[in-house]
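So the chains spell out like this:
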Amino acid sequence: YGPNKKHYALSFLEDLHSFLATILEYGIKYYGLSQNPARIQGNFKMKKSKMNTNDADSNFYTYDEFKQFIKYVDDETKPFFRFLYFTGCRYGEAIALNWNDLNKTSISVTKSLTRKTNEKLYKIKAPKNQSSVSNIELPIIVIEDLNNLKAKQEQMYGFSNNWFIFGATRPLSDTTIRRKANQAMDKAGLKRITLHGFRHSHASLLIN
């Protein structure tokens, strides 16, 4: 959609995305840009029928909306949602992280977690694609969150660096995360977005 809500062909939108991604790659190479938000967001893959709805276009929060949302998130899951928003990690990549992946001011993303496999409750595997393997520099607020989380877990019996950052001996459950997200969204008077919408929100933050 443009400023006048006009509909554009999917091929035209894909060309625009590729052009923007190329410009930002130039910024990474020559001007110190740390990430390419166009690459993180991904190209337009929605079917044309979906392009006629507002759902895909509104599946993100602006920075002001996120600040409103996070006010109503409980202390247990607040670090998790801040991590998603400020790093752009996929949900499965975030809950797969353990303390061995944390390097003081950055985090290594090398794996993803899948639920309900035939063998057990969850399975750790390679991330969605090779470009997802990365080392992400963390903002101060996320570093503080993770340091506080680790300090709490270190007080628990049997602590190990192999424990999950978000959940300790087991990763946070999907139902718990979704329920707490919905509760905070409703209390804040915001539209509900998907967990993947926080990745879209991060890309929007970088662009702005």
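Here, every reference points to the structure presented above.
Reading the values: the criteria
- Numbers given to residues run from 1 along each chain, matching the order in which its sequence is written.
- Local features in a predicted model are, by the rule used here, given only for residues with pLDDT of at least 70; side-chain atom pairs are given and counted only at 80 or more, and totals for whole chains, interfaces and linings are based on all residues.
- Each side-chain value is worked out from all heavy atoms of the structure, with water and hydrogens disregarded.
- Axes here mean lines fitted to C-alpha atoms, for a helix over just the part in contact, with angles spanning 0 to 180 degrees between N-to-C directions.
- Numbering of helices and strands starts at the N terminus; helices are DSSP runs of H or I of at least 4 residues and strands are runs of E of at least 2.
- When an angle is under 35 degrees it counts as roughly parallel; over 145 it counts as roughly antiparallel; between 65 and 115 it counts as roughly perpendicular; any other value is oblique.
- By definition, turning the near helix anticlockwise from the far helix through less than a right angle yields a left-handed crossing, and turning it clockwise yields a right-handed one.
- Residue contacts are counted whenever heavy atoms from the two residues lie within 4.5 Å of one another.
- Three classes are used: nonpolar for Ala, Val, Leu, Ile, Met, Phe, Trp, Tyr, Cys and Pro, charged for Asp, Glu, Lys and Arg, and polar for all others, with Gly counted as polar.
- Think of it in three bands: with a 1.4 Å probe and only protein chains considered, a residue is buried below 20% of the maximum accessible area for its type, exposed above 50%, and partly exposed in between.
- Pairs were defined over the aromatic rings of Phe, Tyr and Trp, the Trp ring being its six-membered one, requiring ring centres within 6.5 Å. Orientation was assigned from the angle between planes: stacked under 30 degrees, edge-to-face over 60, tilted for the rest.
- Note on geometry: a ring has a charge over it if NZ (lysine) or CZ (arginine) is within 6 Å of the ring centre and within 35 degrees of the ring normal.
- The criterion for strand pairing is that DSSP finds at least two bridges linking the strands in question.

Caption draft 1: Region of the structure containing the packing of helix H3 (residues 63–71) against helix H4 (residues 78–87). Two elements in contact, H3 and H4, have axes whose closest approach is 10 Å; the angle formed by their N-to-C orientations is 170°. What the angle tells us is that H3 and H4 run roughly antiparallel. Considering only the axes of H3 and H4, their crossing is right-handed. Residues Tyr 63, Phe 66, Phe 69, Ile 70 and Lys 71 of H3 pack against Lys 78, Phe 81, Arg 82, Tyr 85 and Phe 86 of H4. When its residues are assigned to classes, the contact of H3 with H4 shows seven nonpolar, no polar and three charged.

Caption draft 2: Representation of the environment of Ile 193 in the model. Looking at the secondary structure, you find Ile 193 in the loop between helix H7 (174–187) and helix H8 (197–207). A C-alpha to C-alpha distance of 8.6 Å links Ile 193 and Asn 182, two positions 11 residues apart in sequence. In contact with Ile 193, other than residues within four places in its own chain, are Ser 58, Asn 59, Phe 60, Tyr 61, Arg 178, Met 185, Phe 198 and Ser 201.

Caption draft 3: Layout of H8. With eight of 11 residues buried, H8 lies mostly within the body of the structure. Three or more residues of H8 are buried, namely Gly 197, Phe 198, Arg 199, His 200, Ser 201, His 202, Ala 203 and Ser 204. Buried positions along H8 lie against helix H2 (37–41), H3, H4 and H7.

Caption draft 4: Highlighting the packing of H4 against helix H6 (residues 140–154). Two elements in contact, H4 and H6, have axes separated by 10 Å at closest approach and are oriented at 145°. By crossing handedness, the relation of H4 to H6 is classed as left-handed. Together, Pro 79, Arg 82, Phe 83 and Phe 86 of H4 and Ile 141, Val 142, Asp 145 and Leu 149 of H6 make up the contact between the two elements. In the contact of H4 with H6, the residues fall into six nonpolar, no polar and two charged.

Caption draft 5: Quick look at the environment of Ala 184. Locating Ala 184 in the fold gives a position in helix H7. Considered as a pair, Ala 184 and Val 73 are 111 residues apart in the sequence and their alpha carbons are 5.4 Å apart.

Caption draft 6: Representation of the packing of aromatic side chains. Scanning the model with the defined rule gives 17 aromatic pairs in all. When the ring of Tyr 26 is compared with that of Tyr 30, the centres are 4.6 Å apart and the planes differ by 45°; the resulting orientation is tilted. With a gap of four residues between them, Tyr 26 and Tyr 30 both fall in helix H1 (residues 10–31), about one helical turn apart. Here Phe 81 and Phe 198 contribute two aromatic rings whose centre-to-centre distance is 5.4 Å and whose plane-to-plane angle is 45°, an arrangement assigned as tilted. One end of the pair, Phe 81, is in helix H4; the other, Phe 198, is in helix H8, with 117 residues separating them in the sequence. Across this residue pair, the class does not change: Phe 81 and Phe 198 are buried. Here a set of aromatic residues connected by ring pairs shows up, and it is made of Tyr 61, Tyr 63, Phe 66, Phe 69, Phe 80, Phe 81, Phe 83, Tyr 85, Phe 86, Tyr 91, Phe 166 and Phe 198. The cationic tip of Lys 191 hangs over the ring face of Phe 60; the distance from NZ or CZ to the ring centre is 5.9 Å.

Caption draft 7: Structural view of the sheet that holds strand S2 (residues 106–109). Ordered in space as S1-S2-S5, the three strands form an open sheet in which the pairing is antiparallel. Edge positions in the sheet fall to strand S1 (102–103) and strand S5 (134–137), since each has one partner strand and no second. Sheet topology note: the S1/S2 ladder contains two bridges and is antiparallel. In the sheet register, Asn 103 faces S2, and the bridge partner there is Ser 106.

Keep in mind that these numbers describe shape and distance, not what the molecule does.
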